[in-house]
Amino acid sequence: MARKKLKAAIAALLSQGNSLGSSHKIPFSDADGILKGQATPAQLAALLEKQRVDGAPRLGNSVFICTVEDDYYRFYHPEAFSSSKVANAVGVMVKDGDNHIIIAKDYAPSTLQWATSNVAGGTAYLGREAAMKDHDGRTKTATVVNTLGDNAPAAKFCANYYPSNMTENNGMFGKGRWWLPASGDLWMMYQHFNEINYALSLINGTLLVRDTHWSITEYNATNAWYLGFSDGYFYHDNKEYTRRVRPVSAFY
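Residues numbered from 1 in each chain as written. Predicted model: local features only at pLDDT ≥ 70, side-chain atom pairs only at ≥ 80, totals over all residues. Heavy atoms only, no water.

Structural notes on the overall build of the chain
In terms of regular secondary structure, the chain is built from 7 helices and 12 strands. For the chain, buried positions account for 46% of its 252 residues. Taking as baseline every contact in the chain between residues at least 6 positions apart, the subset at least 24 positions apart corresponds to 63%. Here the chain displays about 12,000 Å² of accessible surface, and carbon together with sulfur accounts for 50% of that area. (Helix = DSSP H or I, 4+ residues; strand = E, 2+ residues; numbered from the N terminus. Buried < 20%, exposed > 50% of the residue type's maximum accessible area, 1.4 Å probe, protein only. Contact = heavy atoms within 4.5 Å. Areas by Shrake-Rupley, 256 points an atom, 1.4 Å probe, with all protein chains shown as cover.)

With respect to the packing of aromatic side chains
Evaluation of the coordinates by the stated rule reveals 17 aromatic pairs. On the basis of an interplanar angle of 45 degrees and a centroid distance of 6.2 Å, the ring pair of F157 and Y161 is categorised as tilted. Take Y161: its relative accessible area is 10%, and that puts it in the buried class. Look at Y161 and W178: their rings are 5.1 Å apart centre to centre, the planes differ by 85 degrees, and that puts the pair in the edge-to-face class. With Y161 in the loop between α5 (153-160) and α6 (183-191) and W178 in the loop between α5 and α6, this pair connects stretches of sequence that are 17 residues apart. Across the pair, W178 and Y161 agree in class, each one buried. Joined through ring pairs, the aromatic side chains of Y73, F75, F157, Y161, F173, W178 and F251 make up one cluster. Of note, R210 hangs over the ring of F193, and the distance from its end group to the ring centre comes to 3.7 Å. (Phe/Tyr/Trp six-rings, centres within 6.5 Å; stacked < 30°, edge-to-face > 60°. Lys NZ or Arg CZ within 6 Å of the ring centre and 35° of its normal.)

Description of the sheet that holds strand β8 (residues 212-218)
The pairing of strands in a sheet happens through backbone hydrogen bonds and is either parallel or antiparallel. Spatially, the 3 strands line up as an open sheet ordered β8-β9-β10, and their pairing is antiparallel. Of all the strands in the sheet, just β8 and β10 (234-238) have a single pairing partner and so form its edges. Strand after strand, the sheet turns through a mean of 40 degrees between neighbouring axes, direction not considered. Two strands pair when backbone bridges link them, and strand β9 (residues 223-228) and β10 are joined in this way by 5 bridges, in the antiparallel orientation. Directly across from W225, in β10, lies its bridge partner H236. (Pairing = 2+ DSSP bridges. Axes fitted to C-alpha atoms, helices over the stretch in contact; angles between N-to-C directions.)

Some words on the pattern of salt bridges
A full pass over the atoms with the stated rule returns 9 salt bridges. A salt bridge links E168 to K175; its shortest N-O distance comes to 3.9 Å. Under the relative-accessibility criterion, E168 is labelled partly exposed at 42%. With a shortest N-O distance of 2.6 Å, R243 and D237 are connected by a salt bridge. D237 shares its class with R243; the two are buried. Each of E69, R74 and K85 takes part in a single network of salt bridges with overlapping partners. (Salt bridge = Lys/Arg side-chain N within 4 Å of Asp/Glu carboxyl O.)

Regarding the sheet that holds strand β3 (residues 63-69)
Taken in spatial order, the 5 strands make up an open sheet running β4-β3-β5-β6-β12, and their pairing is antiparallel. The open sheet has two edge strands with one neighbour each: β4 (72-76) and β12 (248-249). Pairing analysis gives 5 bridges linking β3 to β4, with the strands arranged antiparallel. Of the residues in β4, the one forming a bridge with T67 is R74. The strands that α6 touches are β5 (89-96), β6 (99-104) and β12; relative to β6, the one it contacts most, it runs at about 75 degrees. Its contacts with the sheet place helix α7 (residues 193-202) against β3, β5 and β6, and it is angled at close to 30 degrees to β3.

Points about the side chain of R177
Locating R177 in the fold gives a position in the loop between α5 and α6. A relative accessible area of 16% means that R177 is categorised as buried. Within the structure, R177 has its side chain in polar contact with the backbone oxygen of M172 (distance 3.1 Å). (Polar contact = N/O pair within 3.5 Å; in protein donor to acceptor, adjacent residues only side chain to side chain.)

Digging into the packing of helix α4 (residues 137-148) against α5
Two elements in contact, α4 and α5, have axes separated by 9 Å at closest approach and are oriented at 115 degrees. With respect to the hand of their crossing, α4 and α5 are arranged in left-handed fashion. Of the residues in α5, those in contact with T141, V144 and V145 of α4 are A155, K156 and A159. Within the contact of α4 with α5, the residues separate by chemical class into 4 nonpolar, 1 polar and 1 charged. (Left-handed = near helix turned anticlockwise from the far one by under 90°. Nonpolar A, V, L, I, M, F, W, Y, C, P; charged D, E, K, R; others polar.)

The following block contains the structure:
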């Protein structure tokens, strides 16, 4: 309740600030009405965004629990999910516009190298702006595995992954239906971190952690892109380093 009051207060202050100009400072208080200081509308907007990323989950229409029942995909809003369906759950779907991914219930059992040596994985090299928009993890994972084989531990783990409640040859979520996320997919996961973890908690999944995660997206022959879930730090690094690996899938 206190969080709702604070969000409402910030929203009201933002509305007030829009009529006063971008440089005008206005006072703001906490949920108990205690004056906390002064800030511009832009600073208040940043505070609200920080609450959105770091605070309680916003159960809107972006995150759903994915199950397989009678050979069909089914998607449940977390607030409508029944514990009787836990055995059918394969992951958590997050969608953003036309893009969506289904996040596996678990991580790789340990951090993994992108590659065992600094070699090209066979995909197009992308700069920062293009990498942030990259959602082609499925095709790129297949290319990297075909190019490097056992020398691509992160991609190979994801390509071979399948949930424990699915058979290896399951046509929807068996082996070959999962991949290492593209860098744009990691951004979706970071933006909905708390909502995803709430949904994962309902299906006994392993929660996302505030750590660095490999993407399949290459920066050049020696570096690949990764995203830090603790602070949104997005950078490329040596492929021989080990980082967290979380398989994803999609319905297609």
